[in-house]
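The primary structure of each chain is shown beneath.
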Protein chains: 2
Amino acid sequence: MSDAHRAARREQIAEAALQVLARKGSDTSIAEIVAECGLSAGAIYGNFENKADLARYIAGQLLHRRIGTLDDAVADGAVRTPAEVLRLFMTLRRQPPDLSVLLQFWGEATVDPELKAVLETRATEFRDAVVRALRPWAATQPEDTEPLALRTAEVCMAMVQGYFVNTALFGWMTGAEYLDGAERAFGSPLH
Amino acid sequence: MSDAHRAARREQIAEAALQVLARKGSDTSIAEIVAECGLSAGAIYGNFENKADLARYIAGQLLHRRIGTLDDAVADGAVRTPAEVLRLFMTLRRQPPDLSVLLQFWGEATVDPELKAVLETRATEFRDAVVRALRPWAATQPEDTEPLALRTAEVCMAMVQGYFVNTALFGWMTGAEYLDGAERAFGSPLH
DNA sequence: ACCTGAACACCGTTCAAGT
DNA sequence: ACCTGAACACCGTTCAAGT
């Protein structure tokens, strides 16, 4: 019971903190998280080491959930081209607050090695899920399957990260327009 | 003299703040900026409205300088494919602190509309510089030159932003590997 | 055992006093 | 006119006191 209670408390605090982070970013105060979750300052420090530890927990949870969603979507093992996997990746239902805090975590991770380590772990898991999604396609190509799937997965990750920046900040293109534009830019050069 | 003095003071403060931001991120305190620039707290508030205004100034300056560098690099008007423009873009000399604070600004901009407006302005200027770089190539293609150059420039911007995230946080690929991978993923599908 | 909330050192910002 | 730095309200964090 105690373990379950503790896990529930952490989740209650993390959920409240996520809401405030999405509104206030790095201006988020413990007092506001306290107000949002209905507990006290002491309760937060009984469940997390400090504010940075709470942020790491939120980042880990946020990204962990997405990996399962992607894995489920490609569980059928169908042959999907990189463009099809990217299309799938970009349309995974994603609440707007998530994108905002994801960009906040990226920025903070450049100066916080412990947060960076959390993001690296999750990004690697994510990339491996993309490798699994791309493997059927890579097997149909003349190159060695594994290196091609890995490199292509890394390219897809980078392209999605760029798409997130664009979506959250500039709103220039839809996912479909991005993919069409990339195919046009990198597709057959003699077109 | 007064205007020049004021501009120099702002630059002195901004340069010091940039150094501290690259080390401490959102933990950066006014006290640390004061120590770095050798002035006083009051001097900062005489030259900037507040901490957020100082951040906006730094973001604007940082990105403004880059646009000139890109424009200079493509001033010859040579025909460059999207891959060649991207290669150029990714190899513009860029001090490591710049990439860290750029990611920090992206994260903060998701919750700070005024900072977001500064980034949008600079991103549009940047995109227009990429349009100029791509126009000679776009003119050799069968589609309408302007829409193709614009959309391709947006795609290039997004891909570079994704490359920055990867470089700053994960270090998976060099720029050349990213481009090769993208050409392999989106190039002739029947290869 | 866990939670509360007053207490503490430090934060961003202001402004009277200096030059 | 511009700069200084003590002062103020508020921040993250702790911990004695409660249940």
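Residues numbered from 1 in each chain as written. Chains lettered and ligands numbered in written order. Predicted model: local features only at pLDDT ≥ 70, side-chain atom pairs only at ≥ 80, totals over all residues. Heavy atoms only, no water.

- Chain A goes by AcrR family transcriptional regulator in an unreviewed UniProt entry, where it is assigned to Microlunatus antarcticus.

### Observations concerning the protein's contact with DNA strand C
Thought 1: With respect to spatial proximity, 16 residues lie near DNA strand C, and among them R9 and S40 of chain A together with I30, Y45 and K51 of chain B are the closest.
Thought 2: When atoms of DNA strand C within 4 Å of the protein are split into backbone and base, the sugar-phosphate part holds 73%.
Thought 3: Taking R9 of chain A, its side chain carries an N or O atom lying 2.4 Å from a phosphate oxygen of DNA strand C.
Thought 4: Here a phosphate oxygen of DNA strand C sits 2.3 Å away from a polar atom, N or O, in the side chain of Y45 of chain B.
Thought 5: Of all elements in the fold, only α1 (2-24) and α3 (41-47) of chain A together with α2 (30-37) and α3 (41-47) of chain B reach the threshold of two or more residues within the surface near DNA strand C.
Thought 6: The residue inventory of the surface near DNA strand C, partitioned by class, reads five nonpolar, nine polar and two charged. (Near = heavy atom within 4 Å. Polar contact = N/O pair within 3.5 Å; in protein donor to acceptor, adjacent residues only side chain to side chain. Helix = DSSP H or I, 4+ residues; strand = E, 2+ residues; numbered from the N terminus. Nonpolar A, V, L, I, M, F, W, Y, C, P; charged D, E, K, R; others polar.)

### Description of the protein's contact with DNA strand D
Thought 1: Around DNA strand D sit 16 residues in total, of which I30, Y45 and K51 of chain A together with R9 and S40 of chain B are the nearest.
Thought 2: In this structure, T28 of chain A approaches DNA strand D through a main-chain N or O atom, which is 3.2 Å from a phosphate oxygen.
Thought 3: At a separation of 2.7 Å, a phosphate oxygen of DNA strand D approaches a polar side-chain atom of K51 of chain A.
Thought 4: Elements that contribute at least two residues to the surface near DNA strand D include exactly α2 (30-37) and α3 of chain A together with α1 (2-24) and α3 of chain B.
Thought 5: Taken together, the residues of the surface near DNA strand D break down into five nonpolar, nine polar and two charged.

### A word on the domain arrangement of chain A
Residues and elements named next belong to chain A.
Thought 1: In terms of domains, chain A is made up of domain 1 (1-48) and domain 2 (50-186).
Thought 2: Taking the mean C-alpha position of each, domain 1 and domain 2 sit 27 Å from one another.
Thought 3: Across the boundary between the two partners, domain 1 contributes 16 residues, which contact 15 residues of domain 2.
Thought 4: When domain 1 packs against domain 2, the two sides together hide about 1,300 Å² of surface, and 68% of this comes from carbon and sulfur.
Thought 5: Contact with domain 2 buries area across many residues of domain 1, yet L18, L21 and F48 alone supply 40% of it, more than any other trio.
Thought 6: For E11, the salt bridge identified is with R65, shortest N-O distance 3.5 Å.
Thought 7: At the junction of domain 1 with domain 2, the criterion picks out six residue pairs in polar contact (both at pLDDT 80 or more).
Thought 8: Top element by residues in the side of domain 1 that touches domain 2 is α1. It accounts for eight residues.
Thought 9: Classifying every residue of the side of domain 1 that touches domain 2 gives 10 nonpolar, four polar and two charged. (Domains from an automatic or database assignment. Contact = heavy atoms within 4.5 Å. Buried area = accessible area lost by both parts, 1.4 Å probe. Salt bridge = Lys/Arg side-chain N within 4 Å of Asp/Glu carboxyl O.)

### Focus on α2 of chain B
Residues and elements named next belong to chain B.
Thought 1: Every buried residue belonging to α2 is among I30, I33, V34 and C37, and all of these are buried. When α2 is viewed along its axis, its buried side chains cluster within an angular range of 105 degrees and face the same direction. Exposed residues on α2 whose side chains face more than 90 degrees from its buried face are A31 and A35.
Thought 2: Here the buried face of α2 lies against α1, α3 and α4 (51-73).
Thought 3: Of the residues one or two after α2, G38 is the one with positive phi, at around 75 degrees. (Buried < 20%, exposed > 50% of the residue type's maximum accessible area, 1.4 Å probe, protein only. Arc of directions from axis to C-beta.)

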